[in-house]
2 protein chains.
Amino acid sequence: MGKAYNVMAATCPSRTVLHRIGARWTVFIVNALDDGPRRFTELKAHIQGITPKVLTETLRSLEADGLISRHEYDESPPRVEYALTPLGRSLLVPLRAVRLWAEQHVPDIEAARARRHDHA
Amino acid sequence: MGKAYNVMAATCPSRTVLHRIGARWTVFIVNALDDGPRRFTELKAHIQGITPKVLTETLRSLEADGLISRHEYDESPPRVEYALTPLGRSLLVPLRAVRLWAEQHVPDIEAARARRHDHA
DNA sequence: GACGAACGGTATGGATTTGATACCGGTATC
DNA sequence: GATACCGGTATCAAATCCATACCGTTCGTC
């Protein structure tokens, strides 16, 4: 059971999978669901700066790929909750690491950018 | 030394860092440099489907952020090599995990998409 | 029962990114 | 001199993203 898929190949299905993961807001949404299910408005408030349109689109995509589930409670008023599926939770592991890396290496990157400015 | 940065905050510098990492081709390029330095044309051939324009742009961005280094050898004919910096190599760890996740979970995601088609 | 607010989104239209394709100057090689 | 390779640019079309406004339903308040 070797490497059946290779993201570097243009026609490999893993390529589309990786491009989906790499979509602008996927990392944010998956991380935002780390603590449990959230409602649409909660997500919008938590992930500052995301527009409702993009949030809807990204959620639909992630749902189509089986990474999150959308549960519409038949209450009054109706309530919609988004949660990670087991598959989504498995993706959370590497994506959480990416988020942590970003949060931890801000000074390094800002230093690199500053260095660049000096040369220019 | 708690969490000084939070990617969910719109104005947090880590936000721009994460968006840079999440750019369409960053994961591919960083992973492509896993085995050592590569030349421009090698990268273009290895990462199938990337256009030279986008490759140039992404390389410049990654260089500005201190993730890769560009070394121009003063030979004849001149040769240009791109390599991961120590910082870039530290990013490679989570990004390699993301790539592997994508390659390993293709069947799961294709199954989810197929299920979606049945319902539609 | 009119008024306003919250929820879960859509609609529209413009700005930004991405992509496809062609091209270019310099250096070998034939 | 003709051709090909390297490391890119230039140009323009297409896809994506973002800002802003709006909508129908439900609820609480008066």
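What you see is a predicted model; the values in this text were computed from it and never measured.

## Examining the overall build of chain A
- Within chain A one finds 6 helices and 3 strands.
- In chain A, the succession of helices and strands from N to C terminus is α-α-β-α-α-β-β-α-α.
- Relative to the 2.2 N^0.38 estimate, which gives 14 Å for 120 residues, the radius of gyration of chain A is 18 Å and therefore markedly larger than a compact globule would have.
- Judged by the C-alpha coordinates and their principal axes, chain A covers about 60 × 40 × 25 Å.

## A closer look at the relation of the copies chain A and chain B
- When chain A is fitted to chain B, the best match, at an RMSD of 0.0 Å, comes from turning it 180 degrees and sliding it 0.0 Å along the axis. Read as a symmetry element, the transformation amounts to a two-fold axis. Considering only C-alpha atoms, the part of chain A nearest the rotation axis is Gly22 of chain A, at 2.6 Å.
- The share of interface residues of chain A whose copies in chain B are also at the interface is 100%, consistent with both copies meeting through the same surface.

## Concerning the protein's contact with DNA strand D
- Around DNA strand D lies a shell of 19 residues, among which Trp25, Lys53, Ser76 and Pro77 of chain A together with Arg70 of chain B are the nearest.
- Sugar plus phosphate: this is where 73% of the atoms of DNA strand D within 4 Å of the protein reside.
- Interatomic distance of 3.1 Å between a backbone N/O atom of Val80 of chain B and a phosphate oxygen of DNA strand D.
- Between DNA strand D and Tyr82 of chain B there is a distance of 2.7 Å, counted from a phosphate oxygen to a side-chain nitrogen or oxygen.
- With 4 residues, the single largest contributor to the surface near DNA strand D is helix α4 (residues 52–64) of chain B.
- The residue makeup of the surface near DNA strand D, split by class, is 7 nonpolar, 5 polar and 7 charged.

## Here's the deal with the protein's contact with DNA strand C
- Neighbouring residues of DNA strand C: 17 residues in total, closest Arg70 and Tyr82 of chain A together with Trp25, Lys53 and Ser76 of chain B.
- One of the side-chain nitrogen or oxygen atoms of Thr41 of chain A is found 3.0 Å away from a phosphate oxygen of DNA strand C.
- A distance of 2.8 Å separates a phosphate oxygen of DNA strand C from a polar side-chain atom of Tyr82 of chain A.
- Mapped by element, the contributors of at least two residues to the surface near DNA strand C are α3 (40–46), α4 (52–64) and β3 (79–84) of chain A together with α4 of chain B.

## Quick look at the nonpolar core
- If you look at the biggest cluster of nonpolar residues, it comprises 62 residues, and the most contacted ones within it are Ile21 and Ile47 of chain A together with Ile47 of chain B.
- Apart from residues no more than four positions distant in its own chain, Ile47 of chain A is found in contact with Trp25, Phe28, Ile29 and Ala32 of chain A together with Met8 and Arg15 of chain B.

## Notes on the UniProt feature "domain: HTH hxlR-type" (unreviewed entry) in chain A
- Under the UniProt annotation, the feature "domain: HTH hxlR-type" (unreviewed entry) is placed at residues 12–110 of chain A.
- Its end C-alpha atoms 36 Å apart, residues 12–110 of chain A is made of 61% helix and 14% strand.

## Some remarks on the side chain of Arg15 of chain B
- Its location among the elements puts Arg15 of chain B in helix α1 (residues 13–21).
- Summary of buried charges: Arg15 of chain B has no salt-bridge partner, and the nearest side chain of opposite charge, Glu103 of chain A, is 8.9 Å away.
- A distance of 2.9 Å separates the side chain of Arg15 of chain B from the backbone oxygen of Gln48 of chain A, its partner in a polar contact.
- A distance of 3.0 Å separates the side chain of Arg15 of chain B from the backbone oxygen of Met8 of chain B, its partner in a polar contact.
- Sequence-distant contacts of Arg15 of chain B, that is, excluding residues within four places in its chain, are made with Trp25, Phe28, Ile47 and Gln48 of chain A together with Val7, Met8, Ala9 and Ala10 of chain B.

## Observations regarding the sheet that holds strand β1 (residues 38–39) of chain A
Residues and elements named next belong to chain A.
- Read from one edge to the other, the open sheet built from 3 strands follows the order β1-β3-β2, with strand pairing classed as antiparallel. Single-partner strands in this sheet number two, and they are β1 and β2 (68–73).
- With 2 bridges connecting them, β1 and β3 associate as antiparallel partners. Residue Arg38 lies in a different strand from β3, and its bridge partner there is Tyr82.
- Running over the sheet, α4 touches β2 and β3 and is turned about 110 degrees from β2.

## Focus on the packing of helix α5 (residues 86–104) of chain A against α1 of chain B
- Packing of α5 of chain A against α1 of chain B brings their axes to within 8 Å, and their N-to-C directions diverge by 130 degrees. Taken together, the axes of α5 of chain A and α1 of chain B are oblique relative to one another. The chirality of how α5 of chain A crosses α1 of chain B is right-handed. Along its contact with α5 of chain A, which presents Val98, Arg99, Trp101, Ala102 and Glu103 of chain A, the element α1 of chain B presents Ser14, Val17, Leu18 and Ile21 of chain B.

Calculation notes
- Residues numbered from 1 in each chain as written.
- Chains lettered and ligands numbered in written order.
- Predicted model: local features only at pLDDT ≥ 70, side-chain atom pairs only at ≥ 80, totals over all residues.
- Heavy atoms only, no water.
- Helix = DSSP H or I, 4+ residues; strand = E, 2+ residues; numbered from the N terminus.
- Rg over C-alpha atoms; globule rule 2.2 N^0.38 Å.
- Least-squares fit on C-alpha atoms with pLDDT ≥ 70 in both.
- Contact = heavy atoms within 4.5 Å.
- Near = heavy atom within 4 Å.
- Polar contact = N/O pair within 3.5 Å; in protein donor to acceptor, adjacent residues only side chain to side chain.
- Nonpolar A, V, L, I, M, F, W, Y, C, P; charged D, E, K, R; others polar.
- Core = buried A, V, L, I, M, F, W, Y, C linked by side-chain atoms within 4.5 Å.
- Buried < 20%, exposed > 50% of the residue type's maximum accessible area, 1.4 Å probe, protein only.
- UniProt positions renumbered as here; feature names shortened; annotations may be inferred.
- Lys, Arg positive; Asp, Glu negative; His and termini not counted.
- Salt bridge = Lys/Arg side-chain N within 4 Å of Asp/Glu carboxyl O.
- Pairing = 2+ DSSP bridges.
- Axes fitted to C-alpha atoms, helices over the stretch in contact; angles between N-to-C directions.
- Parallel < 35°, antiparallel > 145°, perpendicular 65-115°, else oblique.
- Left-handed = near helix turned anticlockwise from the far one by under 90°.

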